[in-house]
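# Descriptive analysis of the structure
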Amino acid sequence: MEPTTVLVNSPDVQAQQPTVHLSLSRVGVTGVEKVIRIKRDGQEELYWAKLECFVDLGPKQKGAHMSRFEETVNDAITEVILGSSAFRAEQLATRIAEQVRERQDAKRAEVTIAARYPEHKPAPVSGIQTQELYTMFGTAVATEQGTRRLIGVAAQGMTACPCAQQLVAGAARERLTADGFDDGQIERIFEHVPVATHNQRGLGTLHIGCPEDCTEDIDAATLLAIVENSMSSEIYEMMKRSDEGAVVEKAHRRPRFVEDCVREMVKGVLDDLPQLQDGGYVSARQENLETIHQHNVVAERFGLVSELRHEVASGDIADRHVSMRDWLDGVVGS
């Protein structure tokens, strides 16, 4: 039988001084995966979450205590999630960041969570219940000044290209004119028959940032509605023929470029969330997967809430668009 090895007064290697006295910006763990069980409306649902946790490291400490990250994540999930009727990624990220900072004796801690979760919604015509999967994001940066947090969502939809639609409509107008239809008749035809164009599947992402003194409660469902409504049409995993026809027609009656989607997202935030502080943050991103090209197209807008409000109201272009990293680090928006 092998003797049991007992470590008595083993040295804390992580607390020793490094050979090179240099501070590190971020040290931590990535790819931490958890399955979180939530009871909602009397039924248990599973959320698959992926986490990243980081702290800064001083020049006189050899390493961070990596096991404490895992311990803190487990403790925070138990504390924040159990007994809750809703999963809030930013709330969990905030609690983990604050506990990690304390346990690692760090000046700064950062936690990011991406969670996949189901929502049930009816198809537009048949009303059949479909299960749609969305992604919820939560990010928190804890410092001695307090904790800044981001709540975000990602959703898919479809867009119809306005440019190709105008080209198709122009050619159709010429043919109808040559066949004896007058302008009034042609307009009536276009009102009743949406003009064809090529489509894209759109990937929309929206983040809202709350500064240290923020007390606002932002619902992920509100952000999802803003993202889906910014595109030509929402999409559904399961549809009857009547649903397919309704989705395609809706999209072709609301053609939008990738740029339009981002502008609609920002406008939706300002209209639907008037309580946001001027020092808050918005990041909107849209990527469209092209069907007639081999490349994809992307548009983004990010900045302080105050900058976006001013630009939408006045038309004056902001001097700079504040990045998410600068905002999280408190470089601006304090």
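Refer to the structure above for everything that follows.
Residues numbered from 1 in each chain as written. Predicted model: local features only at pLDDT ≥ 70, side-chain atom pairs only at ≥ 80, totals over all residues. Heavy atoms only, no water.

### Details of the overall build of the protein chain
Counted only if it meets this: Numbering goes from the N terminus for both helices and strands, where a helix is a DSSP run of H or I of at least four residues and a strand is a run of E of at least two. Only protein chains enter the calculation, and the probe is 1.4 Å; a residue is then buried if its accessible area is under 20% of its type maximum, exposed if over 50%, and partly exposed in between. Per-residue and other accessible areas follow the Shrake-Rupley method at a 1.4 Å probe size, with only the shown protein chains counted as cover for residues. When charges are tallied, Lys and Arg are placed among the positive residues and Asp and Glu among the negative ones, while His and the ends of the chain are skipped. Lys charges are placed at NZ, Arg charges at CZ, Asp charges at CG and Glu charges at CD.
Scanning the protein chain from terminus to terminus reveals 9 helices and 9 strands. Its C-alpha atoms give the protein chain principal-axis dimensions of about 95 × 55 × 40 Å. The buried share of the protein chain, taken over its 334 residues, is 43%. Total accessible area computed for the protein chain in this model is approximately 18200 Å², and 50% of it derives from carbon and sulfur atoms. If the 36 positive side-chain charges of the protein chain are averaged to one point and the 52 negative ones to another, these points end up 3 Å apart.

### Remarks on a nonpolar patch on the surface
Cut-off, in case you're wondering: Here the term patch refers to residues with relative accessible area over 30% and no salt bridge, with like charges joined within 9 Å and nonpolar side chains (Val, Leu, Ile, Met, Phe, Trp, Tyr) within 5 Å. Take a side-chain nitrogen of Lys or Arg and a carboxyl oxygen of Asp or Glu: if they are within 4 Å of each other, that pair is a salt bridge.
The grouping of Val20, Leu22 and Leu24 at the surface amounts to a nonpolar patch, some 290 Å² of accessible area in total. Within the element layout of this structure, Val20 appears in the segment before β1 (24–40).

### Section: the pattern of salt bridges
Tallied over the entire structure, the rule returns 21 salt bridges. The partner of Asp217 in a salt bridge is Arg88, and the shortest N-O contact between them spans 2.7 Å. Residue Asp217 is located in the loop between β6 (199–210) and α5 (220–230), and its partner Arg88 is located in the loop between α1 (66–81) and α2 (89–103); the two are separated by 129 residues in the primary sequence. Residue classification places Asp217 among the exposed residues on the basis of a relative accessible area of 60%. Note that Arg95 is salt-bridged to Glu98, the shortest N-O span being 3.9 Å. Highlighted residues: Arg95 and Glu98, both in helix α2, separated by 3 residues, approximately one helical turn.

### With respect to the layout of surface pockets
Put simply, the rule is: Definitions used throughout: a 1 Å grid over protein atoms alone; a cavity as a set of points that fits a 1.4 Å probe which cannot get out; a pocket as an open set with protein on both sides within 12 Å along at least five of seven lines; a lining residue as one with an atom within 4 Å of a point. Grid points are joined across faces, edges and corners, and a volume is the space filled by probe spheres set on the points. Lys, Arg, Asp and Glu make up the charged group, whereas Ala, Val, Leu, Ile, Met, Phe, Trp, Tyr, Cys and Pro make up the nonpolar group; the residues left over, Gly among them, are polar.
Taken as a whole, the largest pocket holds about 280 Å³ of empty space. Around the largest pocket sit Glu259, Val262, Arg263, Val266, Lys267, Ala299, Glu300, Arg301, Leu308, Glu311 and Val312, which together line it. Listed by contribution, the elements that provide at least two residues to the lining of the largest pocket are α7 (258–272), β9 (297–304) and α8 (305–314). A per-element tally of the lining of the largest pocket places α7 first, with 5 residues. Considered class by class, the residues forming the lining of the largest pocket number 5 nonpolar, no polar and 6 charged.

### What to know about the packing of aromatic side chains
The criterion, for reference: Side-chain rings of Phe, Tyr and Trp (the six-membered ring for Trp) are treated as a pair once their centres are within 6.5 Å; stacked means planes under 30 degrees apart, edge-to-face means over 60, and tilted covers the remaining angles. Criterion for a charge above a ring: Arg CZ or Lys NZ at most 6 Å from the ring centre, at most 35 degrees from the ring normal.
Summed over all chains, the structure comprises 3 aromatic pairs. Ring plane angle 10° and centroid distance 5.6 Å describe the contact between Tyr47 and Tyr117, whose orientation is recorded as stacked. Residue Tyr47 is located in strand β2 (residues 43–57), and its partner Tyr117 is located in strand β3 (residues 109–122); the two are separated by 70 residues in the primary sequence. The exposure class assigned to Tyr117 is buried, which follows from its relative accessible area of 2%. Here a set of aromatic residues connected by ring pairs shows up, and it is made of Tyr47, Tyr117 and Tyr134. Over the aromatic face of Tyr236 sits the side chain of Lys121, whose NZ or CZ is 4.7 Å from the ring centroid.

### Brief notes about the state of the cysteines
Note the threshold: For this text, the term disulfide refers to a pair of cysteine sulfurs within 2.5 Å.
Taken as a whole and judged by the stated rule, the model has 0 disulfides. With no disulfide of its own, Cys161 lies closest to Cys163 among cysteine sulfurs, the gap being 5.3 Å.

### Let's talk about α5
Filter applied, for reference: Any two residues whose heavy atoms approach within 4.5 Å at even a single point are treated as in contact.
Of all the positions in α5, only Ala220, Leu223, Leu224, Ile226, Val227, Glu228 and Ser230 are classed as buried. Here the buried face of α5 lies against β3, β4 (129–143), β5 (146–160), β6, β7 (233–234) and α7.

### Here we look at the packing of helix α3 (residues 162–178) against helix α4 (residues 183–192)
The description of two packed helices rests on the angle between their axes and on the distance between the axes. Quick reminder of the rule: Note on definitions: angles span 0 to 180 degrees between N-to-C directions of axes, and those axes are lines fitted to C-alpha atoms, for helices only across the stretch in contact. Note on terminology: angles under 35 degrees are roughly parallel, angles over 145 are roughly antiparallel, angles of 65 to 115 are roughly perpendicular, and the others are oblique. For any helix crossing, the convention is left-handed if the near helix is rotated counterclockwise from the far helix by under a right angle, and right-handed if that rotation is clockwise.
Running from N to C, α3 and α4 cross one another at 135°; their axes reach a closest spacing of 10 Å. Relative to α4, α3 is oriented oblique. The element α3 and its partner α4 pack so that their crossing is right-handed. Contact with α3, carried on its side by Ala169, Ala172, Arg173, Leu176 and Thr177, involves Ile186, Glu187, Ile189 and Phe190 of α4 and no other residues of that element. In the contact of α3 with α4, the residues fall into 6 nonpolar, 1 polar and 2 charged.

### Quick look at the pairing of β5
Quick reminder of the rule: At least two DSSP bridges between two strands are needed for those strands to be called paired.
By the criterion of burial, β5 is predominantly enclosed, with 13 of the 15 residues buried. Two elements, β4 and β5, share 9 bridges in a ladder whose sense is antiparallel. In the strand pairing of β5, Ala142 is matched with Thr147. The antiparallel pairing of β4 with β5 creates a hairpin that spans 2 residues between the two strands. As paired strands, β5 and β6 are joined by 12 bridges and run antiparallel to one another. Across the sheet, residue Ala154 finds its bridge partner in β6, namely Thr205.

### A few points about the environment of Leu167
In this fold, Leu167 is placed in helix α3. Along the chain, Leu167 and Ala196 lie 29 residues apart, while their C-alpha atoms are 9.6 Å from each other.

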